[in-house]
Amino acid sequence: MTGSVPTPRELLEIAIGVARDAAGTAARMRAAGVSVAATKSTATDVVTAADRAVERQVLEALRAVRPRDVVLGEEYGGAAAGSVGAGVVRWIVDPIDGTVNYLYGLPYCAVSLAAEVDGEVVAGVVRNVATGEEWTATAGGGAWRDGERLRCSTEVDLGQALVATGFGYDPRRRLHQARVIADLIADVRDIRRMGAAALDLCLAAEGRVDAYYEKGLAAWDLAAGGLVAAEAGLRVTGLNGLPPGPDLVIAAPPALFAALHTRLAALDASGGP
């Protein structure tokens, strides 16, 4: 399968196998004990040895079956979207989404792996390292968990919606995000902050939370989980007509989207540092 672009389903099969092995490695390394190997944007933005080891494993596994593809990873970087030629597969990997949870032994962290062709994510898998729960999607093929087709929440009232979100690592950004939540929380059922964007998107895909938003997501945070959410029927966009990205990601069922978008715009959720 190295001479042409496989179908989304074929890419998904590759992604599933690689992600399962990677999640197994992460789980074994967590059981053996982990510590901080480095920090990134701030002292609280940590990297463990497992993050690096798992991403190296994913890179090697992908190169073994798709040596001409390119890879964008959180820890080791790689090809930006604009530098990838037409028809070339770009894999987008977050080796451990929710590293702080992983460090503390909280069961809310995941391997996220997506395949992108011509700028479109066409296949993705998110696998919870601790529980083995696995979410998958292909473009146009729906979103799934354990053989069950996923559908997003049918809630129509923002006041009854359970909304997930997350915080950045920069203290100034956190303060702005906290101000947004302080005003938003009176307009929704409640807020959940669980610490792994890919998993938040997957929970929204199956209605375990009604909607999700967050500022500051990178491509590896969004790619696989965003496809799962979109294929489950959520609108996954940015603010004011922008595509989803670092400024803001909103994932909400169509019936809730307008109300949530309006409130987030009014609260300047994409603003701040």
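Look up: the structure comes first, before these words.
Remember, it's a predicted structure, so these values are computed and weren't measured experimentally.

Draft legend 1. Here's a closer look at unusual backbone geometry. Even without being glycine, Asp146 reaches a positive phi, approximately 50 degrees. Along the chain, Asp146 turns up in the loop between strand E9 (142-145) and strand E10 (148-149). The phi dihedral of Asp268 is positive, around 55 degrees, even though this residue is not glycine. Structurally, the position occupied by Asp268 is in the segment after helix H7 (254-266). Of the residues examined, Asp268 reaches a relative accessible area of 39% and is grouped as partly exposed.

Draft legend 2. Main features of the sheet that holds strand E3 (residues 70-73). Strand order in the open sheet formed by eight strands is E4-E3-E5-E6-E7-E8-E9-E10, and the pairing between neighbours is mixed. Each end of this open sheet is capped by a strand with a single partner; those strands are strand E4 (77-78) and E10. The sheet contact formed by E3 and strand E5 (residues 89-97) spans four bridges and is parallel. Directly across from Leu72, in E5, lies its bridge partner Ile92. Running over the sheet, helix H1 (residues 8-31) touches E5, strand E6 (110-117), strand E7 (120-128) and strand E8 (134-138) and is turned about 30 degrees from E7.

Draft legend 3. Here's a closer look at the nonpolar core. Counting 39 residues, the largest nonpolar core has Val126, Trp135, Tyr212, Val228 and Leu234 as its most contacted members. Only E6, E7, E8, strand E11 (162-165), helix H5 (197-205), helix H6 (219-231) and strand E15 (249-252) provide two or more residues apiece to this core. With eight residues, the single largest contributor to this core is H5. Leaving out residues up to four positions away in the same chain, Val126 has contacts with Ala110, Val111, Ser112, Glu133, Glu134, Trp135, Ala198, Leu199, Cys202, Ala224 and Gly225. Listed in part, the 30 residues of the second largest apolar core include Ile16, Ala26, Val54 and Ala123.

Draft legend 4. Representation of the sheet that holds strand E13 (residues 211-214) in the model. Overall, mixed pairing links the five strands, which are arranged E12-E11-E13-E15-E14 in an open sheet. The sheet is open, and its two borders are formed by strand E12 (190-193) and strand E14 (235-237), each paired with just one other strand. Each strand of the sheet is rotated relative to its neighbour by a mean of 15 degrees, with strand direction disregarded. Set on the sheet, H5 makes contact with E11, E13 and E15; between it and E13 the angle comes to about 155 degrees.

Draft legend 5. A look at the pattern of salt bridges. Going through the model one piece at a time under the given rule, you end up with 13 salt bridges. Glu134 is the partner of Arg20 in a salt bridge, and the nearest nitrogen-oxygen pair spans 2.8 Å. You can see Arg20 sitting in helix H1 and its partner Glu134 sitting in strand E8, a full 114 residues away along the chain. According to the relative accessible area criterion, Arg20 is partly exposed, its value standing at 43%. The exposure class assigned to Glu134 is buried, which follows from its relative accessible area of 9%.

Draft legend 6. Seen up close, the packing of helix H4 (residues 171-184) against H7. Viewed as axis vectors pointing N to C, H4 and H7 meet at an angle of 130 degrees, and their least axial separation amounts to 10 Å. Taken together, the axes of H4 and H7 are oblique relative to one another. Once H4 is placed against H7, the crossing between them reads as right-handed. For the pair H4 and H7, the contacting residues are Val180, Asp183 and Leu184 in the first and Leu260, Arg263 and Leu264 in the second. Here the contact of H4 with H7 is composed, by residue class, of four nonpolar, no polar and two charged.

Draft legend 7. Fine view of the environment of Ala137. As for its position among the elements, Ala137 is in strand E8. Judged by its relative accessible area of 1%, Ala137 is buried. Placed 13 residues apart in sequence, Ala137 and Leu150 show a C-alpha to C-alpha distance of 9.6 Å. Those residues within four positions of Ala137 in sequence are excluded, and the remaining contacts are Leu12, Val122, Ala123, Gly124, Gly142, Ala143, Leu227, Val228 and Glu231.

What counts, and at which threshold
Residues numbered from 1 in each chain as written. Predicted model: local features only at pLDDT ≥ 70, side-chain atom pairs only at ≥ 80, totals over all residues. Heavy atoms only, no water. Helix = DSSP H or I, 4+ residues; strand = E, 2+ residues; numbered from the N terminus. Buried < 20%, exposed > 50% of the residue type's maximum accessible area, 1.4 Å probe, protein only. Pairing = 2+ DSSP bridges. Contact = heavy atoms within 4.5 Å. Axes fitted to C-alpha atoms, helices over the stretch in contact; angles between N-to-C directions. Core = buried A, V, L, I, M, F, W, Y, C linked by side-chain atoms within 4.5 Å. Salt bridge = Lys/Arg side-chain N within 4 Å of Asp/Glu carboxyl O. Parallel < 35°, antiparallel > 145°, perpendicular 65-115°, else oblique. Left-handed = near helix turned anticlockwise from the far one by under 90°. Nonpolar A, V, L, I, M, F, W, Y, C, P; charged D, E, K, R; others polar.

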